[in-house]
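The lines below spell out each chain.
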Amino acid sequence: MHSSHDWKRAVLPLLAAAVLAAYFLTACQGSAGGYFRAGRQAQPGQGGQKEAITVWAWDENYNIAAVKEAARRYRQKHPQAEFDIVCMTQEEIMARLRTAVFTGSHKSLPDIVLIEDYSVQYFLQNYRNEFLPLDSIVSKDDFAPCRTGVSQAGGSIYGLPFDNGTIGLFYRLDIIRQAGFTEQDMRCLTWERFLHIAKKVKEKTGKFMLSMNPSDLPLIRMMLQSAGSWYTDEHGQLNLADNPVMAEAVRLYKEMAESGIAMTIADWNQFVHGYWEGRTAAVLTGAWISASIAKQSSQSGLWRMAEVPRMENCPESVNASCIGGSSWYVLRYAGAPQQSVQFLKETFASDTGLMDVLADSIHLLSAHRALQESESYQKGHPFYGGQIIYQDLISWTNKIPEVNYGADTYRAEAIVAQALQEILKGGDIAGALETYQEKYG
């Protein structure tokens, strides 16, 4: 059990050194075998022909699994198509992509790359010509506003939204009941009510309500977006001081950190084993986590899902937000732009059968409205006691406020993490936010 003093002692050194990466990155190495093989890269201007479409993504069990299945189905109609599907960490993808577009090293670029929504505006603001507009296969009307706005630049859409980062409050109903609460008690919560329930869970069961990684701030992000706010304003400038949503989010984060309801973790492995082993009663993050939760088959029927809490003191805040979410992008000069667009058009942009398979196999919640009509999204999920979780998630997605993430979310978050260091030591919230606004704004 961690006291609030123990939590601060563990948290503060990490916060001070925070250079933040995406939440819950999964490392993976190498390319897939079989018909997924490396092709010879073509030089720009040579007709765009090469032997294989190269795809970069992270997470072998989620994104890579989805690409493999899409490629398998595509090859049923196009048996000559070949793919080089490369799995690496999200951090490595960003580093390699930045280097390649900065130096103009087109030979080292993939044809298709998955980019997290938080990161794409850096490329579109600085290297837009390296990417191919996808207006021919992507329409804003086909997606919730929060999904296409992030990939727009110069009047065009450059990304095909893949998964939804719509947040669910996944929780163990059996543990919640031990603390004296019902399934209905977990719906449409405010953060204050969530904290009340979390404290009772800790008191009655000895379980932590959730886990917190002190070198990452997804809780802050989800609070901000629920109220249509962000670390930066609409012009991309740091937006800490005189931002009541930011101040309220920091206040709530501080209360959670000091209340003893959270288990301190340092990495993905600790996070996952926390809920697999029943040490944490809930998981509050994007819908993509469902596949990981459901791997613990012995817990089938014990889990339920509710909305993300809203900020009671911010009238704009709603019970809907997102974490993560990503889109597919086509590199203009990699060698196979038109073949890549055709592949995306016939798979992730239109194939409801593919969505049926991926909904069952990896719990993918497609970002595409038409694909959300697939059969798998209409069924109750036995792992969640028959709850039709996808319909809830789709409903919440349409309520998420659209936010401009700016060109460097993680740099802005690192600045907020430094301000939090002072605040958790007892500093004034408004004063700390104003100090860091002046220092970095």
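Overview of the structure.

Thresholds, definitions, all that
Residues numbered from 1 in each chain as written. Predicted model: local features only at pLDDT ≥ 70, side-chain atom pairs only at ≥ 80, totals over all residues. Heavy atoms only, no water. Axes fitted to C-alpha atoms, helices over the stretch in contact; angles between N-to-C directions. Helix = DSSP H or I, 4+ residues; strand = E, 2+ residues; numbered from the N terminus. Parallel < 35°, antiparallel > 145°, perpendicular 65-115°, else oblique. Contact = heavy atoms within 4.5 Å. Nonpolar A, V, L, I, M, F, W, Y, C, P; charged D, E, K, R; others polar. 1 Å grid on protein atoms, 1.4 Å probe; cavity = no way out; pocket = protein on both sides within 12 Å on 5 of 7 lines; lining within 4 Å. Points joined across faces, edges and corners; volume = space filled by probe spheres on them. Pairing = 2+ DSSP bridges. Expected span 1.5 Å × (residues − 1). Buried < 20%, exposed > 50% of the residue type's maximum accessible area, 1.4 Å probe, protein only. Polar contact = N/O pair within 3.5 Å; in protein donor to acceptor, adjacent residues only side chain to side chain.

## What to know about the packing of helix α7 (residues 191-205) against helix α9 (residues 244-259)
- Interaxial distance between α7 and α9 falls to 11 Å at its minimum, and their mutual angle equals 0°. It follows from the interaxial angle that α7 and α9 lie roughly parallel. For the pair α7 and α9, contact is made by W191, E192, F194, L195 and K199 and by E248, R251, L252, E255, M256 and S259, respectively.
- Counted by class, the contact of α7 with α9 contains five nonpolar, one polar and five charged residues.

## A look at the layout of surface pockets
- Estimates place the volume of the second largest pocket at around 390 Å³.
- T232, G236, G406, A407 and D408 are, among the 25 residues lining the second largest pocket, the residues nearest its centre.
- At the level of secondary structure, the elements contributing two or more residues to the lining of the second largest pocket comprise α4 (120-126) and α15 (409-424).
- It is α15 that provides the largest number of residues to the lining of the second largest pocket, a total of four residues.

## Concerning the sheet that holds strand β7 (residues 167-172)
- In spatial order, the strands read β10-β7-β11; together these three strands make up an open sheet with antiparallel pairing. With one partner strand each, in any of the chains shown, β10 (282-286) and β11 (303-306) form the two edges of the open sheet. Within the sheet, the average angular offset between the axes of one strand and its neighbour, ignoring direction, is 25°.
- Here helix α14 (residues 389-397) sits on the sheet in contact with β7 and β11, set at roughly 20° to β11.

## Thoughts on α9
- With 16 residues, α9 should reach 22 Å at 1.5 Å per residue; the first-to-last C-alpha distance of 22 Å fits that figure.
- For α9, every residue scored as buried is listed here: V245, M246, E248, A249, V250, L252, Y253, M256 and A257.
- Where α9 begins, one side-chain oxygen reaches toward the backbone nitrogen of V245, 3.2 Å away; that side chain belongs to N243.
- Looking one or two residues beyond α9, the residue adopting positive phi is G260, at roughly 85°.

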